[in-house]
Amino acid sequence: METRVGSDAKADCLVTARAAERASVTVATKNRNLLETGIRAVAEAVIESFGSPAVAVEVQDQGALDYVLAARIETAIRRVLPEAKPVQAVKGARAASDPDRPRRSRLYAPGNNPRLLVGIDIHGTDCVLLDLEDSVPLAEKGAARTLVKRLLAVVPFPDEVWVRINPLDAGGRDDLAEVLEGRPHGVCLPKAETGESVRELSKELGRIERRLGFDVGSTHIMPIIETARGVLRCEDVAEADERVVVVAFGAEDYTRDIGARRTDEALLFARSRVVAAAKAAGVQASDTVYADLANDAGLADECARARDLGFDGKGAINPRQIPILHHVFSPSAAELERAKAIVEAAREAESRGLGAVAVDGRMVDQPVVERARRLIKYAEKISKGGAA
Amino acid sequence: MTRNALGREIPERIGGRTVAPFAGAFAKIPTGTKAPRLQKGAPQREDKVLPTLEAAIEACGLQSGMTVSFHHSFREGDRVINLVLGTCARMGIRDLRIFPTALFGVHEPIVGHIESGVVSRIEGSMNGPVGAFISKGGKLREPAVLRSHGGRWRAIEAGDVEIDVAFIAAPQADPYGNATGIRGKTPCGPITFQAVDAQYARKTVVVTNDLAPYPVYPMEIQQGWTDYVVVVDEIGDPASISAGTLQLTNSPTNLLIARLTVDAVMASPYFKDGISFQGGAGGVSLAATKFLGDEMDKAKIVGSFGMGGGTKMLVDLLRRGQLRAILDGQAFDLDAIASLREDPAHLIMDPGIYANYDSRGCATYKLDVAFLGATEVDLDFNVNVNTHSDGQLLHGIGGHQDVAAGAAMTMITLPALRGRIPPIVDRVTTVTTPGEVVDVIVTERGIAVNPRRGDLRERFLAAGLPVRDLAEIKRDAGRYIQPVRRPVFGDEVIAAIEWRDGTVIDVVRKVEGWQ
């Protein structure tokens, strides 16, 4: 049997593999003199990591980075020799992220498209979201998993990196078993509808964390509410497990599910419910993506309305949207100044033994002081950057 | 062999000439006189039209072993170089030295002319198939010599290259020998690249497909320089001028580089009323030009001039009042050509005004900011635009050296990762432009500032820009790719790279092996 993995698109490679009498590697590249030895070295290392099985591998290179080459070759070997097991797991090293860190933007990247994955770490987004679900055709799910795992293992994301898996009963378990080796900060659960599904995911994560020697409980969960059922039960979802740190809303599937047009009116109920459920559970809420790439003003407007509803961030489908998201979802200079004034006034009142706090002649309640403290801390986290 | 100021090994003689090694970007002091220009003969009142190209070639006395020159304003659409060389071949002329301002993929037939002996020497850029042919062992009688646009003008004035016949593709010409590139049936933009050829060549032939009544204007090529005018069916295809360039990039990486570039400009001391800048036709340059225009608009500042190659992007800025003028040596799209006819502040600039080292002034010296590309940069900020990492000669210099030497802040934009071939290297394969005139390198993984420019570094840091060491960016990119092999060069020199002052900054040698 012969198998082909990858494509002839730029930044990808096409790998053909078949069982043979002994292991061999053939390389085709436009820059043979410069590149052949390096590509061969990658291929041989992957074959060796499987205990050097008798497999003939052909690589047609289109400028793929090492992790792309390795992922394609690994997928090919596993297809030809389903019994083959790697001698050593590909393992990422990444510290768990702060559950309350800013998540103003989550940038989606299709999990099987090397051209769009190269450099996905450099756009300054708060969360990168590597997608194995809607953007990956069924036949490519396996290849995407391996590619995402290998990418996670070598790319040092400066902020948070998440993987959107498939629903647990539709390939999600296989996704987890493989990509967790790359050590993402968190896993997005699409079409979340019940607390039970979140707890199931959490248990599965715990098992794999234990197997891989990671701290149990260190991988976060982001349930995505994107169905009518999900919207009606989102408080169960948000409260289901300690791992949940943010609840996201997905408008595309939701409008389809309820038969609505995508208008603000149609989405208001769902958005408000998701925000209330998230906040009741003490976690963040993140709004749906905005699809009109060319319309910066429309994006800024939608962001502002989401912020006013209580959302902490929003999805992005292109890096160019990130600066707008970050602008809208960061505390403004005026807000920050006011918060500092409130905290200062509270400190002073306390030192003078006064119970009541006044700013600009107006009384301020204790919850407002708390909120001001949180806002200052949040702003500090934003300016500090990083996942921790 | 001697080592020049960059430590590059340079032979003492190349072809028939003694080589002056590069000593520093501004080390040479021009002295003496320029080369004399031939008196072309008696005053002439009659028209100069000859019936055929063959007749003109005969009238010029063009013979085997002579030097012929051409311009590249039609870029990928040019028909004249192939037409003239094909005619020479049919007439039995051999052993020509060609001296084009640039060559393109469309000039692939030159490879056949080299093989058959019609062409034996090339002075000029080696874009595409001709460069590849020479790199792979195709033989010229002498090494090719590559010069910048300004360097080529200087070399002619200095007498370094003597032209026997200049063939000038002219979209419109009159019978008395005035010619322009911005009017006619198939305008291509300015043709003043060859204004110096027309003055110094022994004979000057204007080749046009649109003969118009006297006087044709603007007189980019003047009646006093022209010996003959020939009418042919086709001189070039304007639709191909912008082939391969002028797509506003949609690559997130390139857009990020463009964004960082403009952020750096805004943090620099040059972002103020009267700013001048040069933007090229590459995707990153175009995007940077657009972003810079938007920021100038927001900040309500007006630029003094933008420098071409002219593009729609620059024309839009001029027409919106965001630039006082465009100085334009060549057109990169049809909008720029139309604007040259319609906008009085869109000025044709010949390479003598643009960038002649042996002169008391260059327009490039008035540039605040320039965005330039590269195939490779090294840790000393040297830039290579001529060869690929495998040692193959594939591109000309264009205005790279001239602009880099001139601009107060020269910015090289390039991705830290370009497929599997690392663009940031320890030592560039070939030096086109020395690090001493490169101020900033902008990549998607950070901005590197030349240690000579501590002032810029401080401003960028204060603005919160991601300033990093070039070596660190290189290491960062290196984690994703196995090391590539490097070519091992033999002794045989296939091309010399002149610095814009006429000294030799590097040579390209034949690849003999791999390590």
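Residues numbered from 1 in each chain as written. Chains lettered and ligands numbered in written order. Predicted model: local features only at pLDDT ≥ 70, side-chain atom pairs only at ≥ 80, totals over all residues.

**Student:** Hey, could you go over the overall build of chain B for me, with residue numbers and the actual values?
**Tutor:** The secondary structure content of chain B amounts to 14 helices and 27 strands. At 22 Å, chain B has a C-alpha radius of gyration in line with the 24 Å of a compact globule built from 515 residues. Here chain B holds 515 residues, and 57% of them are scored as buried. Long-range contacts, defined as pairs at least 24 residues apart, comprise 72% of the intrachain contacts of chain B with a sequence gap of at least 6. (Helix = DSSP H or I, 4+ residues; strand = E, 2+ residues; numbered from the N terminus. Rg over C-alpha atoms; globule rule 2.2 N^0.38 Å. Buried ≥ 20, exposed ≤ 12 C-beta atoms within 10 Å, placed from the backbone. Contact = placed C-beta atoms within 7 Å.)

**Student:** Would you mind going over the overall build of chain A in detail, with residue names and values included?
**Tutor:** A tally of helices and strands in chain A yields 14 helices and 14 strands. Here the C-alpha atoms of chain A give a radius of gyration of 24 Å, agreeing with the 21 Å that 2.2 N^0.38 yields for 388 residues. Sorting the 388 residues of chain A into buried and exposed places 47% on the buried side. Here the contacts in chain A between residues at least 6 apart in sequence split such that 72% fall between residues at least 24 apart.

**Student:** Describe the domain arrangement of chain B, with residues and values.
**Tutor:** All names here are of chain B. The domain boundaries assigned to chain B delineate domain 1 (47-123 + 161-240) and domain 2 (252-478). Taking the mean C-alpha position of each, domain 1 and domain 2 sit 31 Å from one another. With 15 residues of domain 1 at the contact, the number on the domain 2 side is 15 residues. Classifying every residue of the side of domain 1 that touches domain 2 gives ten nonpolar, three polar and two charged. (Domains from an automatic or database assignment. Nonpolar A, V, L, I, M, F, W, Y, C, P; charged D, E, K, R; others polar.)

**Student:** I'd love a proper account of the nonpolar core, names of residues and values included.
**Tutor:** Counting residues in each nonpolar core, the largest one holds 260 residues, and the members touching the most others are V247 of chain A together with I168 and V205 of chain B. The greatest single-element share of this core, amounting to nine residues, is contributed by helix 2 (residues 66-80) of chain A. If near-sequence neighbours (up to four positions away) are discounted, V247 of chain A is found in contact with P223, I225, C234, V237, A238, V274, A277, A278, V283 and A285 of chain A. By size, the runner-up hydrophobic cluster in this structure holds six residues, among which are I342, V357, V369 and A372 of chain A. (Core = buried A, V, L, I, M, F, W, Y, C linked by C-beta atoms within 7 Å.)

**Student:** Kindly report on helix 14 (residues 366-384) of chain A, identifying the contributing residues and their values.
**Tutor:** For helix 14 of chain A, which comprises 19 residues, the first-to-last C-alpha distance of 27 Å matches the rise-based estimate of 27 Å (1.5 Å per residue) to within 8%. Looking one or two residues past helix 14 of chain A, G385 of chain A carries a phi angle of roughly 70 degrees, positive in sign. (Expected span 1.5 Å × (residues − 1).)

**Student:** Explain the packing of helix 4 (residues 141-154) of chain A against helix 5 (residues 172-179) of chain A to me, using residue names and the numbers behind them.
**Tutor:** All names here are of chain A. Following both chains from N to C, one finds helix 4 and helix 5 inclined at 30 degrees, their axes separated by 9 Å at the closest point. Between helix 4 and helix 5, the crossing angle belongs to the class labelled roughly parallel. The hand of the helix 4/helix 5 crossing is right-handed. Between helix 4, through R145, T146, V148, K149 and L152, and helix 5, the contact on the second element is made entirely by D174, D175, E178 and V179. When grouped by side-chain class, the residues that make up the contact of helix 4 with helix 5 number three nonpolar, one polar and five charged. (Axes fitted to C-alpha atoms, helices over the stretch in contact; angles between N-to-C directions. Parallel < 35°, antiparallel > 145°, perpendicular 65-115°, else oblique. Left-handed = near helix turned anticlockwise from the far one by under 90°.)

**Student:** An account of the packing of helix 1 (residues 32-49) of chain A against helix 2 of chain A is requested, with residue identities and associated values reported.
**Tutor:** Residue and element names in this part refer to chain A. Contact geometry of helix 1 with helix 2 gives a least axis separation of 9 Å together with a crossing angle of 40 degrees. Put simply, helix 1 runs oblique to helix 2. Taken as a pair, helix 1 and helix 2 cross one another with a handedness that is right-handed. Residue-level inspection shows I39, V42, A43, V46 and I47 of helix 1 in contact with helix 2, the latter providing D66, L69, A70, I73, E74 and I77. When its residues are assigned to classes, the contact of helix 1 with helix 2 shows nine nonpolar, no polar and two charged.

**Student:** Tell me about the pairing of strand 2 (residues 13-19) of chain A, residues and numbers included.
**Tutor:** All names here are of chain A. With five bridges joining them, strand 1 (residues 2-6) and strand 2 adopt antiparallel strand pairing. Across the sheet, R4 pairs through a bridge with T16, a residue of strand 2. Between strand 1 and strand 2, which pair antiparallel one after the other, the connecting turn spans six residues, and A11 there sits at a positive phi close to 75 degrees. Bridge analysis of strand 2 against strand 4 (residues 55-61) gives seven bridges, and the strand direction is antiparallel. Looking across to strand 4, one finds that C13 is bridged to D61. (Pairing = 2+ DSSP bridges.)

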